[in-house]
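Residues per chain are reported as follows:
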Amino acid sequence: MIKKTNQDEIESFLVDASNYKGNCDVVYFPESEDEIISIIKEANTNKIPVTVAGNGTGLTGARVPDSGIVISTEKLNQIIEINREENFIIVETGVILSTMLEKLKEQNLLYPPDPTEQNCFIGATIATNASGAKTFKYGPTRDYVLSLTIILPTGDEIELERGKCFSVNNKLTLLTKEKKSIDVVIPNIEMPKTKNASGYFIKENMDAIDLFIGSEGTLGIITKAKLKVLPSPINTLSCVVFFEKEEDGINFVSKSRELSRLNENNFSARALEFFDRKALQFLKDDFNEIDNSASCAVWFEQEITSDNEDALTEEWFNLIEQCNGKSDNIWVAMQEVDKMRIKEFRHAISYKVNEYISRNNFRKLGTDVAVPDDVFSDFYFYCQSLVAESGIDSVCYGHFGNSHIHLNMLPKSDDEFLHGKSLYKNICEKAVELKGTVSAEHGIGKIKTDYLLMMFGVEGVNKMREIKKILDPNYILGRGTMFTPD
Ligand SMILES: Cc1cc2nc3c(=O)[nH]c(=O)nc-3n(C[C@H](O)[C@H](O)[C@H](O)COP(=O)(O)OP(=O)(O)OC[C@H]3O[C@@H](n4cnc5c(N)ncnc54)[C@H](O)[C@@H]3O)c2cc1C
């Protein structure tokens, strides 16, 4: 097994896309479950902190160690089986999402969870319950995980299959490969009804597998996963619509969402993504076809067949007209090359924001909040006016179909950064007040632990911590992620 201790060689493991920075002594590159077990058993005996690393595209510092050792999962990169008859794929944890999607596409299969950044490892997308544009129609990663192999911080191995092990009367009994049984108390904690990636997943009579999905590398190391896949749709209509008034763009999202939920005559957006004026300006150099007079844009995707293509296209264009979408500059993509261009447009905004933060050496100040649909519009304008009044530059975009906002502040000085941090806190407080979440997809990591407390209170967070104590008695795994050590 490769092991690196030279600081120059391990530097890339001491940061992620949030620009949170850390330290560690050694990075291991195990090639098998047995090697992981032996590393983690020794670390557990010696109480050495262990951080699991995916590909470092996380936006919360969760994979960044504060000390101890890092286990890189990059050598566990085999696609084990693609099964077209039963619609599943079995992969090792370090398979890159884009590679897996390509392989599935060759077989006409679709794995819907599609974070905008696809250069990430499958294991990490499960650990963060990642979601993306298609989550509006298809739900997050959680909905596609059929089984997992997990190494616990004690070195015990468990295999969990969806539908096989549920909590009963707030107790979950996990059985290890060596037939050791571990009882976990599942507390009563009310979770938001929105898309959510804050804290452990808790539910009455919950499936054991769900506890590990979204646990951000704090409860166990995922080594293998069986994932549900779907037959690829015949075709998709992909469009970017520009609006002169922001209210019209927001209204278009809201109407598209309502109609999609009704799903009459197959009208069903699979993605509903929004970009504000500043986001469009931020992208103008790379995409000069952006409409200069627009105050916002919405990208939508709709799955189509040759039978319903005309009727659905007409319905969408009627809706665009009703909502005052600019009819003289709609990007309509029917060919693969144009669809890719729109995807690049969506990816570029997230990428450029992270690049700005990194270049100016600030920590990311981008919200990941979601609120219930019925309060979304007011919430959006509240967030925008708060930041506008401050004078801090910002760009706003996000998965608005899921009422989920990425409002990114772009500070130019330390003072602006500190001011931005207090606005960020105000936005999270408002989201919690509206029964939403402080993180809908990126997770809590090391930079949002205060906001997890804001959301669930000390009592709620302590209850989650009790779960961790049972599975990780020496608190070695993902130390500092989700909770502060004490
Ligand atoms: C430009 C950009 C756009 C993005 N867009 C989205 C988006 O649309 N939706 C979204 O959800 N996210 C998005 N992200 C965030 C990020 O891509 C996801 O969180 C992704 O899941 C992280 O994968 P990674 O391999 O880079 O993991 P890392 O950052 O390396 O790790 C993330 C977490 O997973 C844990 N982990 C990694 N592997 C394992 C394992 N095998 N077992 C247990 N725990 C493990 C780590 O300890 C850490 O807590 C975006 C990021 C960028 C930079």
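All figures in this text were calculated on a predicted structure; none of them were measured in a lab. (Residues numbered from 1 in each chain as written. Predicted model: local features only at pLDDT ≥ 70, side-chain atom pairs only at ≥ 80, totals over all residues. Heavy atoms only, no water.)

Draft legend 1. Structural view of the overall build of the protein chain. Looking only at helices and strands, the protein chain has 13 helices and 20 strands in total. By the compact-globule yardstick of 23 Å for 486 residues, the protein chain fits well, its C-alpha radius of gyration being 22 Å. Residues classed as buried in the protein chain amount to 58% of the 486 residues present. Here the analysis covers contacts within the protein chain between residues at least 6 apart in sequence; of these, 72% occur between residues at least 24 apart. Of the accessible surface of the protein chain, which amounts to about 20300 Å², a share of 45% is contributed by carbon and sulfur atoms. Counting 54 positive and 74 negative side-chain charges, the protein chain places the centres of these two groups 4 Å from one another. (Helix = DSSP H or I, 4+ residues; strand = E, 2+ residues; numbered from the N terminus. Rg over C-alpha atoms; globule rule 2.2 N^0.38 Å. Buried < 20%, exposed > 50% of the residue type's maximum accessible area, 1.4 Å probe, protein only. Contact = heavy atoms within 4.5 Å. Areas by Shrake-Rupley, 256 points an atom, 1.4 Å probe, with all protein chains shown as cover. Lys, Arg positive; Asp, Glu negative; His and termini not counted. Charge placed at Lys NZ, Arg CZ, Asp CG, Glu CD.)

Draft legend 2. Representation of the layout of surface pockets in the model. Roughly 840 Å³ of internal volume is contained in the second largest pocket. Taken together, 30 residues line the second largest pocket, and the ones lying closest to its centre are Lys-105, Lys-134, Glu-336, Met-340 and Lys-343. In terms of residues, the lining of the second largest pocket owes the most to one element, helix 10 (residues 336-359), which gives seven residues. Taken together, the residues of the lining of the second largest pocket sort by class into eleven nonpolar, eight polar and eleven charged. (1 Å grid on protein atoms, 1.4 Å probe; cavity = no way out; pocket = protein on both sides within 12 Å on 5 of 7 lines; lining within 4 Å. Points joined across faces, edges and corners; volume = space filled by probe spheres on them. Nonpolar A, V, L, I, M, F, W, Y, C, P; charged D, E, K, R; others polar.)

Draft legend 3. Looking closely at unusual backbone geometry. Positive phi is not limited to glycine here, since Asn-129 has a value of about 45°. With a phi angle near 45°, Asn-169 is a residue other than glycine that sits in the positive phi range. As for its placement among the helices and strands, Asn-169 is situated in the loop between strand 9 (157-161) and strand 10 (171-175). Residue Asn-169 is classed as exposed on the basis of its relative accessible area, which comes to 69%.

Draft legend 4. Representation of the sheet that holds strand 17 (residues 331-333). With antiparallel pairing, seven strands are arranged side by side in an open sheet as 17-14-16-15-19-20-18. At either margin of the open sheet sits one strand with a lone partner, and together these are strand 17 and strand 18 (369-370). In terms of strand pairing, strand 15 (residues 269-276) meets strand 16 (residues 296-304) through seven bridges, oriented antiparallel. Along strand 16, the bridge assignment pairs Asp-276 with Cys-296. Its contacts with the sheet put helix 9 (residues 309-322) on strand 14 (235-243), strand 15, strand 16 and strand 17, and the angle it makes with strand 16 is roughly 160°. (Pairing = 2+ DSSP bridges. Axes fitted to C-alpha atoms, helices over the stretch in contact; angles between N-to-C directions.)

Draft legend 5. Local environment of the pairing of strand 9. Here strand 8 (residues 145-151) runs beside strand 9; their pairing, made up of five bridges, is antiparallel. Bridging from a neighbouring strand, Ile-151 pairs with Glu-157 of strand 9. Connecting strand 8 to the antiparallel partner strand 9 that follows it, the hairpin turn spans five residues, and Gly-155 within it adopts a positive phi of roughly 95°.

Draft legend 6. Seen up close, the packing of aromatic side chains. One pass over the full model with this rule turns up 19 aromatic pairs. Look at Tyr-111 and Tyr-144: their rings are 6.1 Å apart centre to centre, the planes differ by 75°, and that puts the pair in the edge-to-face class. With Tyr-111 in the loop between strand 7 (109-110) and helix 4 (122-127) and Tyr-144 in the loop between helix 5 (135-138) and strand 8, the pair connects residues that are 33 residues apart, well separated along the chain. The same class applies to Tyr-111 and to Tyr-144, which are both buried. Taken together, the ring pairs in this structure connect Phe-242, Phe-275, Phe-287, Trp-331 and Phe-345 into an aromatic cluster. Just above the ring of Tyr-382 sits the side chain of Lys-430; from NZ or CZ to the centre is 5.1 Å. (Phe/Tyr/Trp six-rings, centres within 6.5 Å; stacked < 30°, edge-to-face > 60°. Lys NZ or Arg CZ within 6 Å of the ring centre and 35° of its normal.)

Draft legend 7. Just the environment of Ser-439, in detail. On the secondary structure map, Ser-439 appears in the loop between helix 12 (414-433) and helix 13 (449-471). For Ser-439, a relative accessible area of 0% translates into the label buried. Of note is the side chain of Ser-439, whose polar atom sits 3.5 Å from the backbone nitrogen of His-442. (Polar contact = N/O pair within 3.5 Å; in protein donor to acceptor, adjacent residues only side chain to side chain.)

Draft legend 8. Looking closely at the side chain of Asn-354. Positionally, Asn-354 belongs in helix 10. Those residues in contact with Asn-354 that sit more than four places away from it in its chain are Ala-17, Leu-59 and Lys-364.

Draft legend 9. Main features of the domain arrangement of the protein chain. Taken as a whole, the protein chain is organised into domain 1 (2-72), domain 2 (79-231) and domain 3 (235-433). With centres defined by C-alpha atoms, the gap from domain 1 to domain 3 works out at 35 Å. Across the contact, six residues belong to domain 1 and seven residues belong to domain 3. Buried surface at the junction of domain 1 and domain 3, summed over both partners, amounts to about 480 Å²; 50% is from carbon and sulfur atoms. Three residues stand out in domain 1 for area buried against domain 3, namely Ser-18, Asn-19 and Leu-59, and they jointly supply 67% of the buried area on that side. The interface formed by domain 1 and domain 3 holds zero salt bridges in total. (Domains from an automatic or database assignment. Buried area = accessible area lost by both parts, 1.4 Å probe. Salt bridge = Lys/Arg side-chain N within 4 Å of Asp/Glu carboxyl O.)

Draft legend 10. Seen up close, the nonpolar core. Residues Met-100, Leu-148, Leu-174, Leu-211, Phe-212, Leu-227 and Leu-471 are the most contacted members of the largest nonpolar core, which totals 125 residues. The greatest single-element share of this core, amounting to eight residues, is contributed by helix 13. There are two domains that each give this core at least three residues, and those are domain 2 (79-231) and domain 3 (235-433). Leave out the neighbours within four places in its chain, and Leu-227 touches Asn-87, Phe-88, Ile-89, Val-91, Met-100, Tyr-111, Ile-122, Ile-126, Tyr-144, Val-145 and Leu-146. Among the nonpolar cores identified, the runner-up in size contains 16 residues, and Val-26, Tyr-28, Ile-37 and Ile-476 belong to it. (Core = buried A, V, L, I, M, F, W, Y, C linked by side-chain atoms within 4.5 Å.)

Draft legend 11. The arrangement of the environment of Gly-443 in detail. Among the secondary structure elements, Gly-443 is positioned in the loop between helix 12 and helix 13. Judged by its relative accessible area of 1%, Gly-443 is buried. Each C-alpha atom, one on Gly-443 and one on Ile-209, is 18 Å from the other, the two residues being 234 residues apart in sequence. Once residues within four sequence positions are removed from consideration, Gly-443 is found in contact with Thr-60, Ala-197, Glu-216, Asp-368 and Lys-448.

Draft legend 12. Focus on the environment of Val-375. Checked against the element boundaries, Val-375 lands in the loop between strand 18 and helix 11 (376-390). Separated by 164 residues in the primary sequence, Val-375 and Leu-211 have C-alpha atoms spaced 29 Å apart.

Draft legend 13. Main features of the sheet that holds strand 9. Here we have five strands laid out as an open sheet, ordered 5-6-12-8-9, and antiparallel in their pairing. Of all the strands in the sheet, just strand 5 (79-83) and strand 9 have a single pairing partner and so form its edges. For this sheet, the mean angle separating the axes of adjacent strands, direction not counted, is 10°. In the packing of helix 3 (residues 97-106) onto the sheet, contacts are made with strand 5, strand 6 (88-92) and strand 12 (221-228), and the angle to strand 5 comes to roughly 35°.

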